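# Residue-level structure breakdown
The chain contents come next:
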Amino acid sequence: MQRIHIIGGGLAGFTAAITAAESGALVTVHEAHHTLGGRARTAEGPYRTNDGPHALYRRGPHWTWLAQRGLLGPTVTVPLSQAGKLRFRLDGALHRTPPLALLRLTRRRAEHAPVDTDFRTWATAQVGEEGARTAAHFAAVALYHHDPGSLSAAFVQERLRRAAALPPEARYPVGGWAQVIDRMAARAWNLSVRIETATRIDPSDLDGLARGGPVVVATSLDAARSLLRDPTLRWDSGRSALIDLGLRTRRGDAFAVSDLDAPGWTERFTAQDRTLAPAGRQLVQGQIPVAPDESKAAGIARAEDLLDLGFPGWRDRVEWRREALATGRTGAVDHPGTTWRDRPAIDRGNGIYLAGDQVAAPGLLSEVSFNSGMEAAVLALGVGEQPRPARRPLDLERS
């Protein structure tokens, strides 16, 4: 039986581990932290906030993969009573409906948008400059990027259509993403996967692991670059200011506010999942993409402006608050002339494979992690069918 080592106990790592173990491989998962999940962790405490992805998309391959294995668990969607409380900020005021031009653009099929043209240019030709601007800002909810209009038209249009789909594609795991991770870990355990937490792998450890069989590096791209001592492992990602609030409940609060004046989004996640906060309390979260030269404080200030519009009196109702700046932790973004195929390859040669949300795999947000995890496992399993090339020791002097 072939031994496969997985470095990283998050979504990508456990997808790879389960895929490999189901095919008969002996699998060990190495997780540097004391808890599993990576960016899919859910905070403990009265307010159960997700550190990573918030939603599963029903048309994504990972939805079917999880459901087939009984790992999906209960999920919820936005109730109709709350869907009517979605608001849009445009020209500094709240509106109940988005501009007609934005709605027209969501009807355009993603394959009609060019790869080698930026979204702003293409969308302007379709619906005019104002419509292109508002559509780009709305799409930021699935991009976490400060300037969606500058990205590849094909890349943005696919995410715009899926984010605006009716009925909504998004489904939310009840209790947060940690529930999904727990079920995946239990499945892996039942398949005899060895799970080692608080185990940090360094480059010298990696060389030893690789001599015993293929290794899947299912970490962030930054961590993989350091571990593999490979400076080419780079791809652009977003940068967002994040705010989490525990508020006393007030009738009349918006479900969510989409900023069409600039990229940004705030949402009351307890509208669909009451388990995320204590009784009589609401969990509101916001993400505001910020430019490379912008501070976290600037993004938080913009989030507070949205909160003032959609959640009147929120400042007097705060019982818990957390802020963060997510840099390079929001998935890959593709610039004009590039697609997911141009990102760092999964197969790095010599029995080393990459998995994560910034590598060469298709999908939206966390779907990239799932797809790359499955592909990495399949490729790793194939290594045993042919002689493996000798792997040179890591050159620790190389930067």
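Just so we're clear, the structure is a prediction, and the values are computed from it rather than from any experiment. (Residues numbered from 1 in each chain as written. Predicted model: local features only at pLDDT ≥ 70, side-chain atom pairs only at ≥ 80, totals over all residues. Heavy atoms only, no water.)

### Description of the sheet that holds strand β11 (residues 256–259)
Cut-off, in case you're wondering: Should DSSP find at least two bridges between two strands, the strands are taken to pair. Secondary structure elements are defined from DSSP: runs of H or I of at least 4 residues count as helices, runs of E of at least 2 residues count as strands, and each element is numbered from the N terminus. To get an axis, a line is fitted to the C-alpha atoms, and for a helix only the part in contact is used. The angle between two axes follows their N-to-C directions and goes from 0 to 180 degrees. Residue contacts follow a heavy-atom distance rule, with two residues in contact if any of their heavy atoms lie within 4.5 Å.
Ordered by their spatial adjacency, 7 strands build an open sheet running β6-β5-β11-β12-β13-β10-β14, and the pairing between neighbours is mixed. Either end of the sheet is taken by a strand with one partner, and the two such strands are β6 (93–95) and β14 (318–332). In this sheet, neighbouring strand axes are inclined to one another by 20 degrees on average, regardless of whether the strands run parallel or antiparallel. When strand β12 (residues 265–268) meets strand β13 (residues 281–289), the two strands line up antiparallel, connected through 4 bridges. Directly across from threonine 266, in β13, lies its bridge partner glycine 286. Packed on one face of the sheet, helix α6 (residues 129–139) meets β5 (86–90), β11 and β12 and runs near 130 degrees to β5. Helix α11 (residues 296–310) contacts β5, β6, β10 (237–248), β11, β12, β13 and β14 of the sheet and is inclined by roughly 45 degrees relative to β10.

### A word on unusual backbone geometry
Our working rule: To sort residues, take the accessible area from a 1.4 Å probe on protein chains only and compare it with the maximum for the residue type: under 20% means buried, over 50% means exposed, and anything in between is partly exposed.
A cis amide bond links leucine 166 with the next residue in sequence, proline 167, at an omega value of -5 degrees. Non-glycine residue serine 192 carries a positive phi angle of around 70 degrees. Mapping serine 192 onto the fold places it in the loop between α8 (177–190) and β8 (194–196). Residue classification places serine 192 among the exposed residues on the basis of a relative accessible area of 61%. Its identity as a non-glycine residue notwithstanding, leucine 365 has a phi of 55 degrees, on the positive side. Of note, leucine 365 is situated in the loop between β16 (352–354) and α12 (366–383). Judged by its relative accessible area of 26%, leucine 365 falls in the partly exposed class.

Coordinates in, geometry out; function isn't part of it.
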